[in-house]
Amino acid sequence: MKKVTISLFLLFALSMLHGCKSGSSNSTSTVRLVNGTSSSLDMYWSGSGSASAIASGVPYGNASNSLGISAGVSSIALASSGSSPSSGTPYSFSGGYSYTMLAYQTYPSGPSTPSLQVAQLIDNQLLPVFGEGLIGVADYSGAGSLDVYIWPSVPPGTSPSFAWASGISGLTKYSTVPVPVPPGNASYRIQVTGAGAGYGNDVRLDIPSVTIGNQQILTLVLTPTIGGGLVDGLLVLQQGQVPQSSQNVVTSYKNGSARVRVAASFVAPGNPPITSATANGVSILGLGSSLSLGSVSSYVAVPSTSITPPITINGITISVSLFCASATATATPGQDLTLLVVGIASPPNYCLLPDDNTLAASGHAKLRLVNGVNNFTGSILLTYGGLYQQNAAFGAASTTTSVPIPGGSPYALFESPIGGGSLGSPALQAQGVYSVFMLGDTSAASAVLSTDHLYQEH
């Protein structure tokens with residue numbers, strides 16, 4: 001059965017409005033499908049008896065027509081276009097209300113195995129006053145705590161002084177914005193960042209311009225990417241709203257970036273730091289930054305088309321990645337990657353490793369091992385409380401694995417057969433994602449426990 005998520009904020013709003021909305025005794029409801037998945041979908045409805053297809057062939061980033069159904073508890077099922085649906089999930093539909101069934105994907109078992117999710121949104125936002133628009137952000141991304149900046153894109157070059165919404169995580173927030181009348185619409189820029197990072201830092205999604213019309217109601221829905229840190233967006237008009245000439249009922253904002261970080265395991269004479277790292281001329285270390293041996297940088301978002309060979313490290317172009325046991329040559333939009341810099345002589349080399357920072361299950365954390373130990377031909381073993389045990393060869397990462405968080409004392413973390421052995425008993429946070437980097441060489445290998453991603457649920 002498909003997992004169902006329903007915004008608690010929206011359910012609360014519905015309960016409050018039931019007492020004041022006229023026509024709530026109507027015997028019909030209105031429903032539509034908004035598709036945020038990678039394939040076309042059909043939607044089936046069943047009030048009683050057999051299921052009927054009420055929307056067919058809805059592609060990504062589009063909405064079906066609005067359809068009337070009987071009020072009450074009904075079953076909704078989704079299926080790839082042309083496929084038979086599985087058993088449906090019951091939802092409650094109140095008479096006289098309009099609903100959006102939002103389909104999106106999560107990646108609980110990794111990027112290669114997406115899971116279909118359905119959220120029921122209630123289109124019950126009241127019309128803003130003349131000269132204003134109403135825009136909301138609904139977060140289904142699982143990307144942790146986020147800040148959202150919304151500010152006029154005209155004149156160009158302006159920037160916001162504060163976040164429009166702070167600490168969004170699995171919540172929905174609406175607020176009004178001014179719309180000049182005439183001309184009757186306004187252009188706004190939207191940027192989503194990690195919470196507390198500040199405008200322009202730790203950018204998860206950047207939308208240069210969206211049009212908001214006078215008295216329009218829109219919702220920016222944030223959905224997951226395959227890497228887990230960046231987010232995709234769908235800007236959705238509330239049912240009954242009329243698009244402006246430059247608008248669609250749904251506008252998709254697929255993230256065109258990937259995030260990359262650098263792990264330094266370059267042990268040439270003198271252990272030189274990594275002073276620059278670029279892919280096709282785009283910096284992935286940060287201007288003026290340097291990274292010493294045994295360190296791991298923060299993620300930097302760059303256009304995914306730029307994260308391909310040739311890679312430039314310390315000003316030296318390296319076109320071929322050697323030694324890597326398992327690596328990727330290019331990046332996919334929405335992906336997170338680690339540039340593992342290795343070598344015992346100049347020039348250094350690299351392995352480009354895909355990272356899985358997607359949401360861990362409740363009560364669990366995700367853990368993996370990255371082996372960057374030069375001059376070591378064997379595999380490194382990582383154990384966590386006797387629950388997790390995996391090997392990684394040089395230039396490779398073990399499979400990211402979900403481990404339970406103990407209710408009492410934290411479990412011990414060990415690596416073998418080289419280095420210091422014990423990494424202590426770190427208190428891994430529920431739904432967090434962690435990597436243990438083994439860096440250096442056999443004479444001085446060191447372990448770095450990296451907190452790759454954390455989640456704050458409200």
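A.B. asks: What am I meant to see in the overall build of the chain here?
C.D. replies: Looking only at helices and strands, the chain features one helix and 35 strands. On C-alpha atoms alone, the chain measures out to a radius of gyration of 25 Å, which is about the 23 Å that the 2.2 N^0.38 rule sets for 458 residues. A burial count over the chain gives 50% of its 458 residues as buried. Of all intrachain contacts in the chain linking residues separated by at least 6 positions in sequence, the fraction that spans at least 24 positions is 66%. Accessible surface, the chain: about 18,500 Å² in total, of which carbon and sulfur atoms supply 54%. Taken as two groups, the 12 positive and 15 negative side-chain charges of the chain have centres that lie 6 Å from each other.

A.B. asks: Is there a simple way to think about the sheet that holds strand β18 (residues 231-237) in this case?
C.D. replies: In a beta sheet, neighbouring strands are held together by backbone hydrogen bonds and run either parallel or antiparallel to one another. Within the open sheet, the five strands sit side by side as β14-β11-β17-β18-β19. Their pairing is mixed. With partners counted over all chains shown, the strands left at the sheet margins are β14 (172-178) and β19 (250-253), one partner each. Here the average twist between neighbouring strands, direction ignored, is 20 degrees. Here strand β11 (residues 132-139) pairs with strand β17 (residues 217-224) via six bridges, running parallel. Bridging across to β17, alanine 138 finds its partner in valine 221.

A.B. asks: Where do I start with the packing of aromatic side chains in this structure?
C.D. replies: The relation between two aromatic rings is expressed through the spacing of the ring centres and the mutual angle of the planes. Per the stated rule, a full pass over the model turns up six aromatic pairs. Taking the centre distance of 5.1 Å and the plane angle of 80 degrees together, the rings of tryptophan 151 and tyrosine 199 count as edge-to-face. Pair noted here: tryptophan 151 is in strand β12 (residues 146-152) and tyrosine 199 is in the loop between β15 (185-194) and β16 (203-213), with a separation of 48 residues, a long-range link. In this structure tyrosine 199 comes out as partly exposed when scored by relative accessible area, which is 31%.

A.B. asks: I'm lost on the nonpolar core in this one. Help?
C.D. replies: Burial of nonpolar side chains together is a common tendency in soluble globular proteins. By size, the foremost hydrophobic cluster in this structure holds 26 residues, and its most contacted members are Ile135, Val148, Trp164, Ile190, Val210, Ile212 and Leu222. The set of elements that each furnish at least two residues to this core consists of β11, β12, β13 (165-168), β15, β16, β17 and β18. When neighbours within four sequence positions are excluded, leucine 222 is seen to be in contact with Val137, Ala138, Asp139, Tyr140, Ser141, Leu146, Val192, Leu205, Val231 and Asp232. With 23 residues, the next largest nonpolar core counts Ile274, Ile284, Ile318 and Leu339 among its residues.

A.B. asks: Explanation requested: the side chain of threonine 37 in the structure shown.
C.D. replies: Assignment of secondary structure puts threonine 37 in the loop between β2 (28-35) and β3 (41-46). Judged by relative accessible area, threonine 37 falls into the buried class, the value being 2%. Within the structure, threonine 37 has its side chain in polar contact with the side chain of asparagine 35 (distance 2.7 Å). Within polar-contact distance, the side chain of threonine 37 engages the backbone oxygen of serine 39 at 3.1 Å. Setting aside chain neighbours within four positions, we find threonine 37 in contact with Tyr60, Ala103, Tyr104, Gln105 and Leu116.

A.B. asks: Explanation requested: the pairing of strand β29 (residues 380-384) in the structure shown.
C.D. replies: On a regular strand, each side chain points to the face opposite its neighbour's, so the side chains alternate between the two faces of the sheet. Among the five residues in β29, four count as buried, and that is most of the element. Relative to strand β33 (residues 413-416), β29 runs antiparallel, the two sharing four bridges. Residue pairing for β33: leucine 382 is matched across the bridge by glutamate 415.

A.B. asks: Any chance you could explain the environment of serine 159 here in plain terms?
C.D. replies: On the secondary structure map, serine 159 appears in the loop between β12 and β13. Serine 159 sits 30 residues away from arginine 189 along the chain, and the two C-alpha atoms are 9.3 Å apart. Other than its neighbours up to four places away in sequence, serine 159 contacts Trp151 and Tyr199.

A.B. asks: Would you mind showing me how to read the sheet that holds strand β7 (residues 72-80) here?
C.D. replies: If you trace the four strands from one edge of the open sheet to the other, you get β4-β3-β7-β8, paired in antiparallel fashion. The open sheet has two free edges, formed respectively by β4 (52-58) and β8 (89-93), since each of these has just one partner strand. Pairs of neighbouring strands in the sheet enclose a mean axial angle of 30 degrees, with direction left out of account.

A.B. asks: Would you mind showing me how to read the side chain of glutamine 241 here?
C.D. replies: Looking at where glutamine 241 falls in the secondary structure, it is placed in the loop between β18 and β19. By relative accessible area, which is 19% here, glutamine 241 ends up buried. At a separation of 2.8 Å, a polar atom in the side chain of glutamine 241 contacts the main-chain amide nitrogen of isoleucine 217. Excluding residues that lie within four positions of it along the chain, glutamine 241 makes contacts with Leu127, Gln215, Gln216 and Ile217.

A.B. asks: Even after reading the chapter, I still don't get the pattern of salt bridges, so can you show me in this structure?
C.D. replies: Two side chains of opposite charge can pair, provided their charged atoms sit close to one another. This structure, assessed with the given rule, holds ten salt bridges. Across the pair arginine 261 and aspartate 452 runs a salt bridge whose closest N-O atoms are separated by 2.7 Å. Linking arginine 261 in strand β20 (residues 257-266) with aspartate 452 in strand β35 (residues 446-453), this pair joins segments that are 191 residues apart in sequence. Taking the relative accessible area as the measure of exposure, arginine 261 reaches 2% and is therefore buried. Two residues, lysine 366 and aspartate 356, come together in a salt bridge whose shortest N-O distance is 3.4 Å. Of this pair, lysine 366 sits in strand β28 (residues 364-374) while aspartate 356 sits in the loop between β27 (349-355) and β28, placing them ten residues apart in sequence. Each of the two residues, lysine 366 as well as aspartate 356, counts as buried. It is possible to trace a salt-bridge network through shared partners that takes in Asp202, Arg204, Arg259 and Asp336.

A.B. asks: Hey, could you run me through the confidence of the model for the chain in this one?
C.D. replies: One rule of thumb: low pLDDT means the predicted coordinates there are not for detailed reading. On average, residues of the chain carry a pLDDT of 87, and 92% of them reach 70 or more. Mean pLDDT across the elements of the chain bottoms out in helix α1 (residues 8-18) (35) and peaks in β18 (97). Here residues 1-24 scores under 50 on pLDDT; set against residues more than four positions off or in separate chains, the count is 42 contacts.

A.B. asks: Can you walk me through unusual backbone geometry in this structure?
C.D. replies: Glycine aside, the phi torsion of most residues is negative, and most peptide linkages are trans. Going from proline 182 to proline 183, the amide bond is cis rather than trans, its omega being 10 degrees. For proline 183, the position within the fold is in the loop between β14 and β15. Look at the link from proline 309 to proline 310: it is a cis peptide, with omega at 10 degrees. Turning to its location among the elements, proline 310 is positioned in the loop between β23 (300-303) and β24 (311-313). Backbone geometry at aspartate 202 places phi at a positive 45 degrees, although glycine is not the residue there. With respect to the helices and strands, aspartate 202 occurs in the loop between β15 and β16. For glutamine 431, which is not glycine, the phi torsion reads 70 degrees and is therefore positive.

Scoring rules and cut-offs
- Residues numbered from 1 in each chain as written.
- Predicted model: local features only at pLDDT ≥ 70, side-chain atom pairs only at ≥ 80, totals over all residues.
- Heavy atoms only, no water.
- Helix = DSSP H or I, 4+ residues; strand = E, 2+ residues; numbered from the N terminus.
- Rg over C-alpha atoms; globule rule 2.2 N^0.38 Å.
- Buried < 20%, exposed > 50% of the residue type's maximum accessible area, 1.4 Å probe, protein only.
- Contact = heavy atoms within 4.5 Å.
- Areas by Shrake-Rupley, 256 points an atom, 1.4 Å probe, with all protein chains shown as cover.
- Lys, Arg positive; Asp, Glu negative; His and termini not counted.
- Charge placed at Lys NZ, Arg CZ, Asp CG, Glu CD.
- Pairing = 2+ DSSP bridges.
- Axes fitted to C-alpha atoms, helices over the stretch in contact; angles between N-to-C directions.
- Phe/Tyr/Trp six-rings, centres within 6.5 Å; stacked < 30°, edge-to-face > 60°.
- Core = buried A, V, L, I, M, F, W, Y, C linked by side-chain atoms within 4.5 Å.
- Polar contact = N/O pair within 3.5 Å; in protein donor to acceptor, adjacent residues only side chain to side chain.
- Salt bridge = Lys/Arg side-chain N within 4 Å of Asp/Glu carboxyl O.
- pLDDT = per-residue confidence, 0-100.

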